Amino acid sequence: MPRPKLEIADIIRAHGPAWRQANAGHVSLSQLKVMSAIEACRTEALGGHVAGCAKCGRHHIAYNSCKNRHCPKCQGPAARDWMEARAEDLLPVEYFHIVFTMPAEIAQIAYWNKKAVYGLLFRASAETVMRIAADPKRMGAKVGMTSVLHTWGSALTHHPHIHMIMPGGGLSPDGTKWVACKPGFFLHVRVLARLFRRLFIEGLLALHQVGEFAFFGDREGLTDTAAFTKWLAPFRKSEWVVYSKPPFGGAEAVLAYLSRYTHRVAISNHRLVSADPNTVAFRWKDYRIKNGDRQKVMRLATPEFIRRFLIHVLPDGFHRIRHYGLLASSARKANLTRIRALLCVQPADQADVQDTEADVTPLTLREPCPCCGGPMRIIEIFRRGQKPTSRAPPREQAA
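Residues numbered from 1 in each chain as written. Predicted model: local features only at pLDDT ≥ 70, side-chain atom pairs only at ≥ 80, totals over all residues. Heavy atoms only, no water.

Draft legend 1. Up close: empty space enclosed by the protein. Scanning the entire structure with this criterion turns up 3 cavities of 30 Å³ or more. The computed volume of the largest cavity comes to approximately 150 Å³. What lines the largest cavity is a set of 13 residues, among which D89, L90, T146, L258 and L327 lie closest to the centre. Broken down by secondary-structure element, the contributors of at least two residues to the lining of the largest cavity are α3 (75-86), β5 (158-167) and α8 (251-261). (1 Å grid on protein atoms, 1.4 Å probe; cavity = no way out; pocket = protein on both sides within 12 Å on 5 of 7 lines; lining within 4 Å. Points joined across faces, edges and corners; volume = space filled by probe spheres on them. Helix = DSSP H or I, 4+ residues; strand = E, 2+ residues; numbered from the N terminus.)

Draft legend 2. Local environment of the sheet that holds strand β11 (residues 295-301). Read across the sheet, 3 strands follow the order β9-β10-β11 without closing on themselves; strand pairing throughout is antiparallel. On the outer flanks of this sheet lie β9 (272-275) and β11, each paired with one strand and no other. Pairs of neighbouring strands in the sheet enclose a mean axial angle of 20 degrees, with direction left out of account. One ladder, built from 7 bridges, connects strand β10 (residues 279-285) with β11; its direction is antiparallel. (Pairing = 2+ DSSP bridges. Axes fitted to C-alpha atoms, helices over the stretch in contact; angles between N-to-C directions.)

Draft legend 3. Just the packing of aromatic side chains, in detail. Taken as a whole and judged by the stated rule, the model has 15 aromatic pairs. Measuring from ring centre to ring centre gives 5.9 Å for Y63 and F382, while their planes differ by 85 degrees; the resulting arrangement is edge-to-face. Of this pair, Y63 sits in strand β2 (residues 59-63) while F382 sits in strand β13 (residues 376-382), and the two are 319 residues apart along the sequence. Comparing Y63 with F382 shows no difference in burial state: the two are buried. (Phe/Tyr/Trp six-rings, centres within 6.5 Å; stacked < 30°, edge-to-face > 60°. Buried < 20%, exposed > 50% of the residue type's maximum accessible area, 1.4 Å probe, protein only.)

Draft legend 4. Representation of the environment of F248 in the model. With respect to the helices, strands and loops of the structure, F248 is situated in the loop between β8 (242-245) and α8. We classify F248 as buried; its relative accessible area is 15%. Linking F248 and I165, residues 83 residues apart in sequence, is a C-alpha distance of 9.8 Å. Those residues in contact with F248, other than ones at most four positions away along the chain, are Y95, F96, H97, I165, A253, V254 and Y257. (Contact = heavy atoms within 4.5 Å.)

Draft legend 5. Quick peek at the sheet that holds strand β4 (residues 144-152). The strand order across the open sheet formed by 5 strands is β8-β3-β5-β4-β12, and the pairing between neighbours is antiparallel. In the strand order of this sheet, the two ends are held by β8 and β12 (321-325), each with one partner. Neighbouring strand axes in the sheet, compared pairwise and without regard to direction, differ in orientation by 25 degrees on average. In terms of strand pairing, β4 meets β5 through 6 bridges, oriented antiparallel. Paired with T146 across the strands is I165, a residue of β5. Strands β3 (95-101) and β8 of the sheet are contacted by helix α6 (residues 189-209), whose axis makes an angle of about 145 degrees with β8.

Draft legend 6. Fine view of the pattern of salt bridges. Counted by the stated rule, this structure contains 11 salt bridges. A salt bridge links R20 to E39, with the shortest nitrogen-to-oxygen separation between them at 3.0 Å. Residue R20 is located in helix α1 (residues 8-22), and its partner E39 is located in helix α2 (residues 29-40); the two are separated by 19 residues in the primary sequence. With a closest N to O distance of 2.9 Å, R288 and D286 form a salt bridge. Take R288: its relative accessible area is 66%, and that puts it in the exposed class. Sharing partners across several salt bridges, the network here consists of D286, R288 and K296. (Salt bridge = Lys/Arg side-chain N within 4 Å of Asp/Glu carboxyl O.)

Draft legend 7. Highlighting the packing of helix α4 (residues 104-112) against helix α5 (residues 114-134). It is at 5 Å that the axes of α4 and α5 come closest, and there the two elements cross at 130 degrees. The angle between α4 and α5 falls in the class oblique. Contact with α4, carried on its side by I109, A110, Y111 and W112, involves K114, V117 and Y118 of α5 and no other residues of that element. Within the contact of α4 with α5, the residues separate by chemical class into 6 nonpolar, no polar and 1 charged. (Parallel < 35°, antiparallel > 145°, perpendicular 65-115°, else oblique. Nonpolar A, V, L, I, M, F, W, Y, C, P; charged D, E, K, R; others polar.)

Draft legend 8. View of the layout of surface pockets. Approximately 460 Å³ is the volume attributed to the second largest pocket. For the lining of the second largest pocket, the residue count by class is 10 nonpolar, 6 polar and 3 charged.

Spelled out as structure tokens, the structure:
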């Protein structure tokens, strides 16, 4: 994919200093770190290397990437590496995609208490699926899933929700059988929504009782337990949104979907249209339109655009991709081995992969020469703030 003409980094480099000054004292350290990382990404500030083609001799300068999980330029390579590691976990069964979200009023609490509420969103959604799937009246099986947190809507608004991907079935309680779900149907979304609502509200009350929440503005009165309990009461009767999409069309489709969702950031560089000191324009989808073109262009004041981008910075150390049930990291390999045996499927042969990797020269890059396709080898490494001695046009590539 060609490099976009406009990038988030361009906007932050040009207008970030003024924004930081205007919002001094109201920006978290995590947000400041993200801004600094994006500003320095793939510039001389982080150093890099010079690669030379062993075939045609052409040289390319590649500056190091910041590898920050909120940087749009760094997520492509990160997603590719993650998907290569997950490819061997796929099973020859249907895969399903379920989305869990919360009412907008409760999302406001999440805005002030990200770590606590986002963590609850993960736990409540996973427990919902595992409980209902284990019910003998439903599927009667232990299931596994991969959950991915997104905190944004298409217009960069605050809209936390979980994307959950799972195989269409699970192990019987005694672990001796693979129990498949009905073809094209995993679990009833209304049943999922009601249990999710109950677990989430119970979790909110538990967090409130141990003092995990902070409230501001017109919600400051919710610090009182009785007031918070009364405020939550109407949400016990409202309809919560749980959406189940049609099953994927095979393992390749699952990988393609995951590669788009696992390492996505609030907005990609390719959605940007224009930017100046006053306004940033970007493409977005208006999902309220049922029939017709959903693609629109939104124009925001530049300071507001930066603010919206930064509200999606996650707390330090917070994992936005998590695995539960059969796919929990501690027992994933053993569970997958057992499932493949029950399905009479042989695991992928890893010997050839290992032999191939052993023959790769450590200083040979993965990407071939863009001119002739020959192997590219590192001929010089320069550190942060240094300039390469070899003369070559810069190449936008993560190192």
